[in-house]
Amino acid sequence: MEELIDGGALNGKEKITELLNRRHKERELHIQAAKLERQKDAEGTEALQYFELSFEEKVKQIRNTLDGVAASDQKAQVFADCQNEIYDLQRYLSSSTFFLNEYRIKVCQNTINELGKLLDTLRNELLPKKKFGFKSKKIVKMISDKDAKDREDGGQTAEKTGASAENHIKWTFSERAGEIIELRPAAVNDQTITASKLKNCLVRIEGHPGSLQFAQLDNCVVVCGPTARSIFLDDCTGCKFVVACQQLRCHRSRDCDMYLNVTSRAIIEDCSGIRVAAYNYRYENIEEDFRQSGLDLSCNNWHTLDDFNWLSTDKPSPNWSLLEGEQTIADWDSYLQRFQQQHSLTSVNH
């Protein structure tokens, strides 16, 4: 009898000891989990503080630069640099969205939008005739015989503004339809090429232009040698662009195919139906043009685009995609010949 009592007491002590040990382990695990959670919160807070300081500093630098642009002798270059800094700021925000809440993302995006509007306003005020170069009849020599008076006015204004404005924007094509526009290296090297309101046109550019700016192109094909700096596309529909550059930005465009060699990731905004493939245009002396342009052929981010309207990091943007192998154009000479015949294009002497 006594042995049974002693045995029962021992079993009771063991159960109590086991229960206490289990509770102790659970408490230790809870303390460890709480500690890890505090560390995670601290790291998140530190990342957020670093982002806010860096973001505010970058915004301050851009604002200070824009505040002093009126006194600069290189206004066009200052505006271009500020535009690139705003692009970089947008990419910085897009890459940081995983630890920012929705409200903070919205505040930062509004700040970036305000900087963009400020830049556009100042550029319109200080360089009113050079924005995109699409309607700059008084600054740019028009390559057209449609209006001799515009050309005369352009020459007079160019004398007033100086030779630098004329050299900055060398060509402008506007309101063309069903034409073949061909530019040779001697005319375009290191120049800014601009065009607007083209329909069913073929634009072929050989050489290494400084930058390209196209707007309101409809069912056009643009094939171009390496561009030393940037390419801007706006409000284009159903076009094909075969271009190489340091930086490309495309906005308000739809159903366009782009064959790219781009150093930094291309940017799209308010776009849909954009398809991309690697740059594959070839012509005589293109290797020398790449060397002269300064583009790094080993760095090509053609397959990765930044969509400013798509901040999600876990889902791909629905606004762009890669061209599949059978969809890509390999022989551009044959394609351009078919395009010319299909639309009965006429060659114009430029």
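What you see is a predicted model; the values in this text were computed from it and never measured.

Asks: Describe the overall build of the protein, and please don't skip the residues or the numbers.
Replies: Helix and strand content of the protein: eight helices and 15 strands. Put simply, the protein has 350 residues, and 42% of those count as buried. Restricting to contacts in the protein with at least 6 residues of sequence separation, those with at least 24 account for 46%. Of the roughly 19800 Å² of accessible surface on the protein, a fraction of 48% belongs to carbon and sulfur atoms.

Asks: So what's going on with the pattern of salt bridges? Which residues, and what values?
Replies: For the coordinates displayed, the defined rule picks out 14 salt bridges. In this structure, Glu114 engages Arg63 in a salt bridge whose closest nitrogen and oxygen atoms are separated by 3.9 Å. On the criterion of sequence distance, the pair formed by Glu114 in helix α3 (residues 102-126) and Arg63 in helix α1 (residues 2-67) is long-range, its members being 51 residues apart. With relative accessibility at 47%, the residue Glu114 sits in the partly exposed group. Residue Arg63 is classed as partly exposed on the basis of its relative accessible area of 31%. Taking the shortest distance from any N to any O, the salt bridge between Arg265 and Asp306 comes out at 2.6 Å. In this pair, Arg265 is assigned in the loop between β10 (257-262) and β11 (266-269) and Asp306 in strand β13 (residues 305-307), connecting sequence segments 41 residues apart.

Asks: Tell me about the pairing of strand β4 (residues 202-205), and name the residues and values.
Replies: Residue alternation in β4 divides its side chains into two sets, Leu202 and Arg204 and Val203 and Ile205, and both sets are buried. As paired elements, β4 and strand β6 (residues 221-226) share four bridges and run parallel to each other. Counterpart to Ile205 in the pairing with β6 is Cys224.

Asks: Which residues make up the sheet that holds β10, and what values go with them?
Replies: Spatial ordering of the open sheet is given by β14-β12-β10-β8-β6-β4-β2-β15, a layout of eight strands whose pairing is parallel. Strand pairing shows two members of the sheet lacking a second neighbour, β14 (320-322) and β15 (346-347), which therefore form its edges. Looking at chain direction, strand β2 (residues 179-183) and β4 are connected through four bridges and run parallel. Across the sheet, Glu182 pairs through a bridge with Arg204, a residue of β4. Helix α8 (residues 332-342) rests against β2, β4, β6, β8 (240-245) and β10 of the sheet, and its axis sits at about 145° to β6.

Asks: Before we move on, could you go through α8 and cite the residues and values that matter?
Replies: Within α8, burial applies to Trp332, Tyr335, Leu336 and Phe339. Seen along its axis, α8 keeps its buried residues to an arc of 95°; they face one direction. Turning to α8, the residues buried within the fold contact β4, β6, β8 and β10. Positive backbone phi, at 50°, marks Ser344, one or two positions downstream of α8.

Conventions we followed
Residues numbered from 1 in each chain as written. Predicted model: local features only at pLDDT ≥ 70, side-chain atom pairs only at ≥ 80, totals over all residues. Heavy atoms only, no water. Helix = DSSP H or I, 4+ residues; strand = E, 2+ residues; numbered from the N terminus. Buried < 20%, exposed > 50% of the residue type's maximum accessible area, 1.4 Å probe, protein only. Contact = heavy atoms within 4.5 Å. Areas by Shrake-Rupley, 256 points an atom, 1.4 Å probe, with all protein chains shown as cover. Salt bridge = Lys/Arg side-chain N within 4 Å of Asp/Glu carboxyl O. Pairing = 2+ DSSP bridges. Axes fitted to C-alpha atoms, helices over the stretch in contact; angles between N-to-C directions. Arc of directions from axis to C-beta.

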